[in-house]
Amino acid sequence: MITKAQEKAIAQIKRLAEKEHGTHCNKYEFKEFTVSENEYFVSVVVEIGMIGDEGTMAEIYCRDRAHLFIGPRGGITYPVSKKMKDGSWKHYFKRFGGYSILQASLDQK
């Protein structure tokens, strides 16, 4: 069951995505906004792209996608993978500051 804190976090994520990507100016639209409830957290996938970009190179290069996780008390994190200098990979979760969906999207690319 989704808690009130998780509902507030989902609403905050949606507001930030709309504000940052200009969905109000009819250039961008939500391609995916999926909320999945799990036993211990809620998973949110946000993908925003240009209107009518299906089947074009813009579909590949001009979309922003972020996968976020919300804990029962409303804390938001997202997974990040970073290649280290020795060639190994470091996988960790980064705390979402609540100021930019673009940061999560760039960290996950």
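Below is a short write-up of the structure. Just so it is clear, the structure is predicted and the values come from calculations on it, not from any experiment.

### A short note on the overall build of the protein chain
No. 1: Of the regular secondary structure elements, the protein chain holds three helices and five strands.
No. 2: Counting from the amino terminus, helix and strand elements in the protein chain follow one another as α-β-β-α-β-β-β-α.
No. 3: Counting only C-alpha atoms and orienting by the principal axes, one finds that the protein chain spans roughly 45 × 35 × 25 Å.
No. 4: The proportion of buried residues among the 109 residues of the protein chain is 33%.
No. 5: Put simply, of all contacts in the protein chain between residues at least 6 apart along the chain, 43% involve residues at least 24 apart.
No. 6: Just so you have it, the protein chain exposes about 7200 Å², and 54% of that area is on carbon and sulfur atoms.

### Focus: the nonpolar core
Nonpolar side chains in soluble globular proteins tend to end up buried together.
No. 1: Core analysis: the biggest nonpolar cluster contains 18 residues, and Ile 13, Val 44, Leu 68, Ile 70, Ile 76, Phe 96 and Ile 101 have the highest contact counts within it.
No. 2: Put simply, the parts of the chain that give this core at least two residues each are helix H1 (4-21), strand E2 (42-50), strand E3 (64-70), strand E4 (76-83) and helix H3 (101-108).
No. 3: Broken down by element, this core gets its largest block of residues, five residues, from H1.
No. 4: Contacts of Ile 13, omitting those with residues within four sequence positions, involve Phe 33, Val 44, Val 46, Leu 68, Ile 70, Ile 76 and Ile 101.

### A look at the sheet that holds E2
No. 1: Within the open sheet, the five strands sit side by side as E1-E2-E3-E4-E5. Their pairing is antiparallel. The sheet is open, and its two borders are formed by strand E1 (28-37) and strand E5 (89-95), each paired with just one other strand. Taking each pair of neighbouring strands and ignoring which way they run, the sheet shows an average axis angle of 25 degrees.
No. 2: Pairing between E4 and E5: seven bridges, direction antiparallel. By the bridge assignment, Pro 79 is partnered in E5 with Phe 93.

### Notes on a nonpolar patch on the surface
No. 1: On the surface, a cluster of nonpolar side chains totalling about 390 Å² of accessible area is made up of Met 57, Ile 60 and Tyr 61.
No. 2: Mapped onto the elements of the fold, Met 57 is located in the loop between E2 and helix H2 (58-61).
No. 3: For Met 57, a relative accessible area of 52% gives the class exposed.

### Some points on the packing of aromatic side chains
No. 1: The final tally for this structure, using the stated rule, is three aromatic pairs.
No. 2: A ring pair is formed by Phe 30 and Phe 33, whose centres lie 5.7 Å apart and whose planes are at 75 degrees; its orientation type is edge-to-face.
No. 3: Owing to a relative accessible area of 25%, Phe 30 belongs among the partly exposed residues under this scheme.
No. 4: The class of Phe 33 is partly exposed, set by a relative accessible area of 24%.
No. 5: Centroid distance Phe 69 to Phe 93: 5.9 Å. Interplanar angle 65 degrees. Geometry classified as edge-to-face. A residue pair is termed long-range when its members are at least 10 positions apart, and Phe 69 in strand E3 and Phe 93 in strand E5 qualify at 24 residues.
No. 6: Clustering of aromatic rings is evident, with ring pairs tying together Phe 41, Phe 69 and Phe 93.
No. 7: When the ring centre of Phe 33 is taken as reference, the NZ or CZ atom of Lys 14 above it lies at 5.1 Å.
No. 8: Taking the ring centre of Tyr 92 as reference, the NZ or CZ of Lys 90 above it sits at 5.2 Å.

Cut-offs used in this document
- Residues numbered from 1 in each chain as written.
- Predicted model: local features only at pLDDT ≥ 70, side-chain atom pairs only at ≥ 80, totals over all residues.
- Heavy atoms only, no water.
- Helix = DSSP H or I, 4+ residues; strand = E, 2+ residues; numbered from the N terminus.
- Buried < 20%, exposed > 50% of the residue type's maximum accessible area, 1.4 Å probe, protein only.
- Contact = heavy atoms within 4.5 Å.
- Areas by Shrake-Rupley, 256 points an atom, 1.4 Å probe, with all protein chains shown as cover.
- Core = buried A, V, L, I, M, F, W, Y, C linked by side-chain atoms within 4.5 Å.
- Pairing = 2+ DSSP bridges.
- Axes fitted to C-alpha atoms, helices over the stretch in contact; angles between N-to-C directions.
- Patch = residues over 30% accessible without salt bridge, like charges linked within 9 Å, V, L, I, M, F, W, Y side chains within 5 Å.
- Salt bridge = Lys/Arg side-chain N within 4 Å of Asp/Glu carboxyl O.
- Phe/Tyr/Trp six-rings, centres within 6.5 Å; stacked < 30°, edge-to-face > 60°.
- Lys NZ or Arg CZ within 6 Å of the ring centre and 35° of its normal.

In short, shape yes, function no, at least from these values alone.
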